[in-house]
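Close look at the chain arrangement
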Amino acid sequence: MNSMDSLEHGDDRRLSSPAAQRNREPILAVLRSVLPKTGRVLEIASGSGEHAVYFARQLAPLCWQPTDPSETALASIAAWRDQEALENLAAPVRLDVTGEWPTLPDLAAIVCINMLHISPWAASEALFAAAGRQLPVGGVLVVYGPFRRHGGHTAPSNATFDEDLRLRDPRWGIRDLEAAQALASDQGLTCEAVNELPANNLCVVWRR
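Values in this document were obtained by computation on a predicted structure and should not be read as measured data.

**A look at helix α4 (residues 121-134)**
Here α4 contains 14 residues, and its C-alpha end-to-end distance of 20 Å stays within 8% of the 20 Å for a straight helix at 1.5 Å per residue. Residues of α4 that are buried: A123, S124, A126, L127, F128, A130, A131, G132 and Q134. Contact partners of the buried residues in α4: β3 (40-44), β6 (107-113), β7 (140-145), β9 (175-176), α6 (177-186) and β11 (201-207).

Dropping the structure here:
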């Protein structure tokens, strides 16, 4: 991911993100390899809702639970859900990762796509703390996005992107994978895989 993709309004409340179209297939391949066949997947920061629709369709009968803190995003997710009418796509829920999380007794996995670098570090801390608290034994946390590795960026384009993010908000920025690993370890999560995906992004899998 080399730049922030803006969400653009269509004729209704549905939003569309070019990044969601580009990265959904590589992410799906990782999800297929680590998610169970049944249960509920809690998606954090679902954005436009396009990933939720696509993954719910491809990964049925898993139940996909989208969330987002933004009312605009929630409206978009609901509009996509209404159009697609997928039985395994739940109604979106408002969720700020640093606030109270819903209790989902059938929770099997948590998926978080492109959030860590466009949120304060406290959001990353809250995500891993909740994963350690809410996931069942054997449950997985899947995080996708750009990361720094071994103290440096993985590509010049990521360095440029990181600089742009910090200009937008000094609390934002591409995170060090090692810092995320430390958060996960503190919560009893073990790194199972670090998948290198297109456009200098990683899809990292932790298991409780």
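**Examining empty space enclosed by the protein**
A complete count under the given rule lists one cavity of 30 Å³ or more for this structure. Reported here for the largest cavity is a volume of approximately 40 Å³. What lines the largest cavity is M115, L116, H117, V143, Y144, G145, P146, F147 and R175. Top contributing element to the lining of the largest cavity by residue count: β7, with three residues.

**Section: the packing of aromatic side chains**
On inspection of all chains with the given rule, the structure shows three aromatic pairs. Where F128 meets W206, the ring centres are 5.0 Å apart and the plane angle is 85°; that geometry is what we call edge-to-face. Taken together, the positions of F128 in helix α4 and W206 in strand β11 put the pair 78 residues apart, joining distant regions of the chain. The class for F128 is buried, based on a relative accessible area of 1%. The exposure class assigned to W206 is buried, which follows from its relative accessible area of 0%. An aromatic cluster is built from Y54, F55 and W64, whose rings are joined through pairwise contacts. Directly above the ring of W80 sits R14, whose terminal nitrogen or CZ lies 4.9 Å from the centroid. Here the guanidinium or amino end of R24 rests over the ring plane of Y54, the centre of that ring lying 4.1 Å away.

**Quick word on the pairing of β7**
In terms of burial, β7 is a largely internal element, six of the six residues being buried. In β7, alternate side chains face the same way, and those of V140, V142 and Y144 on one face and L141, V143 and G145 on the other are all buried. Pairing analysis gives five bridges linking β6 to β7, with the strands arranged parallel. Within β7, the residue paired with A109 across the bridge is V140. Traced from β6 through α4 to β7, the parallel crossover comes out right-handed. Sheet topology places β7 next to β11; six bridges connect them, and they run antiparallel. Following the sheet pairing, Y144 is matched in β11 by C203.

**Concerning the side chain of D68**
Tracing the chain through its elements places D68 in strand β4 (residues 63-68). From its side chain, D68 meets the backbone nitrogen of G47 in a polar contact 2.9 Å long. The residues contacting D68, other than those within four sequence positions of it, are A45, S46, G47, A73, L74, I77, V93, R94 and L95.

**A word on the packing of helix α1 (residues 18-34) against helix α2 (residues 50-59)**
Where α1 contacts α2, the axes come no closer than 10 Å and their chain directions differ by 40°. For the element pair α1 / α2, the angle class is oblique. As for how α1 packs across α2, the hand of that crossing is right-handed. Residues A20, Q21, N23, R24, E25, I27, L28, L31 and R32 of α1 form the contact with α2, whose participating residues are E50, H51, Y54, F55, Q58 and L59.

Rules used throughout
- Residues numbered from 1 in each chain as written.
- Predicted model: local features only at pLDDT ≥ 70, side-chain atom pairs only at ≥ 80, totals over all residues.
- Heavy atoms only, no water.
- Helix = DSSP H or I, 4+ residues; strand = E, 2+ residues; numbered from the N terminus.
- Expected span 1.5 Å × (residues − 1).
- Buried < 20%, exposed > 50% of the residue type's maximum accessible area, 1.4 Å probe, protein only.
- Contact = heavy atoms within 4.5 Å.
- 1 Å grid on protein atoms, 1.4 Å probe; cavity = no way out; pocket = protein on both sides within 12 Å on 5 of 7 lines; lining within 4 Å.
- Points joined across faces, edges and corners; volume = space filled by probe spheres on them.
- Phe/Tyr/Trp six-rings, centres within 6.5 Å; stacked < 30°, edge-to-face > 60°.
- Lys NZ or Arg CZ within 6 Å of the ring centre and 35° of its normal.
- Pairing = 2+ DSSP bridges.
- Right-handed = clockwise from strand over helix to strand, strands pointing away.
- Polar contact = N/O pair within 3.5 Å; in protein donor to acceptor, adjacent residues only side chain to side chain.
- Axes fitted to C-alpha atoms, helices over the stretch in contact; angles between N-to-C directions.
- Parallel < 35°, antiparallel > 145°, perpendicular 65-115°, else oblique.
- Left-handed = near helix turned anticlockwise from the far one by under 90°.

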